[in-house]
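# Close look at the chain arrangement
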Amino acid sequence: MNDLPEEEDLAERKMRFLFALRSKGVTDARVLGAMERVDRGLFVKGLFADRAYEDMPLPIACGQTISQPSVVGLMTQALRPGPRDTVLEVGTGSGYQAAVLAGLVRRVYTVDRHRRLAREAEDLFRTLHIPNIVTIAGDGSRGLPDQAPFDRILVTAAAEDPPGPLLSQLKIGGIMVLPVGQSDTVQSLIRVRRLDTGFDYEELRPVRFVPLVEGMASD
Ligand code: SAH
């Protein structure tokens, strides 16, 4: 007998979700814990909401996509976020990645060029009582000079090369994770570390992201 079918479903869905993350290489316990605490279903609206717990990217408003959970996990893990870090995320989208980061660091600044996405994500962070995310509508390829420098920068849209303003807004000892490459082909996820003497680049894996577009969108 199963008296609590819905709760059982939820627990089982969560277990499958975490299992999928682990099997794709998300092994960091802090990252898995943070992802367990953020319900991806709240960040996917409409038609695709019932697929929120599957390991796939899904469409969101403004023709954008919420990344695949395992990619969110691998990027978060690659960023090596620390509890005292201030992080810049470029590409708020649904707000899911920012919410995961917020459980791991001191403060997250997240920027999107679509005002609508920034506004909807901000509303969701407020509803969920996540206090340490600052959401900004803006062109994130320029970074946020007023809030810089950052301990960590995560870019969730693909540029051909790491944008210069983002490199210069990274602290010495800081880490930036971003996809680079042409938007219609396979891109590479790379990790950039800022050293005293310059930058160290490391290629992590092939990925596919929407393009980083300069300037504000019209909506
Ligand atoms: N991190 C998101 C997924 C991002 S999809 C999530 O967790 O759901 C990529 C996002 O990057 C899109 O919302 C797109 O509008 C945004 N974007 C693209 N170019 C940008 C730019 N120059 N500045 C800010 N945001 C940008």
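Scroll up to find the structure.
Residues numbered from 1 in each chain as written. Predicted model: local features only at pLDDT ≥ 70, side-chain atom pairs only at ≥ 80, totals over all residues. Heavy atoms only, no water.

### So, helix α2 (residues 29-37)
For α2, every residue scored as buried is listed here: Val31, Leu32, Gly33, Ala34 and Met35. In this structure aspartate 28 caps α2, since a side-chain oxygen of it lies 2.8 Å from the backbone nitrogen of arginine 30. (Buried < 20%, exposed > 50% of the residue type's maximum accessible area, 1.4 Å probe, protein only. Helix = DSSP H or I, 4+ residues; strand = E, 2+ residues; numbered from the N terminus. Polar contact = N/O pair within 3.5 Å; in protein donor to acceptor, adjacent residues only side chain to side chain.)

### Comments concerning unusual backbone geometry
Geometrically, the link from alanine 148 to proline 149 is a cis peptide bond, its omega value of 0° lying close to zero. Of note, the phi angle at cysteine 62 is positive, near 60°, even though the residue is not glycine. Relative to the elements of secondary structure, cysteine 62 occurs in the loop between β1 (58-59) and β2 (65-66). Among the residues examined, cysteine 62 registers a relative accessible area of 18% and is labelled buried. Positioned with a positive phi, histidine 129 is a non-glycine residue whose angle comes to about 60°. Looking at the secondary structure, you find histidine 129 in the loop between α5 (115-127) and β5 (133-137). We classify histidine 129 as exposed; its relative accessible area is 69%.

### Observations concerning α5
Count 3.6 residues to each turn of an α-helix, and residues three or four apart come out pointing the same way. If you check α5, its first and last C-alpha atoms are 18 Å apart, about what 13 residues at 1.5 Å a residue would give, namely 18 Å. Taken together, the buried positions of α5 are occupied by Leu117, Ala118, Ala121, Leu124 and Phe125. Taken around the axis of α5, the buried residues stretch over an arc of 130°, which confines them to a single face. Set apart from the buried face of α5 by more than 90 degrees, the exposed residues are Arg126 and Thr127. Where α5 is buried, its residues meet α4 (96-102), β4 (107-112) and β5. Directly beyond the C-terminal end of α5, a positive phi value near 60° is found at histidine 129. (Expected span 1.5 Å × (residues − 1). Arc of directions from axis to C-beta. Contact = heavy atoms within 4.5 Å.)

### Here's the deal with the site of the ligand
Inspection of the region around the ligand gives 26 residues, with Ser94, Asp112, Asp139, Gly140 and Val213 positioned closest. Here a nitrogen atom of the ligand sits 2.9 Å away from a polar atom, N or O, in the main chain of glycine 91. About the coverage of the ligand: the protein hides 99% of its 580 Å² of free accessible area. Residue assignment for the shell around the ligand shows that the elements contributing at least two residues are β2, α4 and β4. (Near = heavy atom within 4 Å. Areas by Shrake-Rupley, 256 points an atom, 1.4 Å probe, with all protein chains shown as cover.)

### Here we look at the packing of aromatic side chains
Scanning the entire structure with this criterion turns up 3 aromatic pairs. Ring centres of phenylalanine 17 and tyrosine 53 lie 6.5 Å apart, and the angle between their planes is 80°; this geometry places the pair in the edge-to-face category. You can see phenylalanine 17 sitting in helix α1 (residues 5-23) and its partner tyrosine 53 sitting in the loop between α2 and β1, a full 36 residues away along the chain. The buried category is assigned to phenylalanine 17, whose relative accessible area is 6%. The residue whose ring lies beneath arginine 40 is tyrosine 96, and the NZ or CZ to ring-centre distance is 6.0 Å. (Phe/Tyr/Trp six-rings, centres within 6.5 Å; stacked < 30°, edge-to-face > 60°. Lys NZ or Arg CZ within 6 Å of the ring centre and 35° of its normal.)

### Observations concerning the sheet that holds strand β3 (residues 86-90)
Reading across the sheet, the 7 strands line up as β5-β4-β3-β6-β7-β8-β9 and stay open at both edges, with mixed pairing between neighbours. With partners counted over all chains shown, the strands left at the sheet margins are β5 and β9 (198-207), one partner each. For this sheet, the mean inter-axis angle between neighbouring strands, taken without regard to orientation, is 15°. The pairing of strand β7 (residues 170-180) with strand β8 (residues 187-195) spans 6 bridges and is classified as antiparallel. When the sheet's bridge partners are listed, leucine 178 is paired in β8 with isoleucine 190. The strands touched by helix α3 (residues 69-78) are β6 (150-155), β7, β8 and β9; relative to β7, the strand with the most contacts, the crossing angle is about 155°. Against the sheet, α5 touches β4 and β5, its axis set at about 160° to β5. (Pairing = 2+ DSSP bridges. Axes fitted to C-alpha atoms, helices over the stretch in contact; angles between N-to-C directions.)

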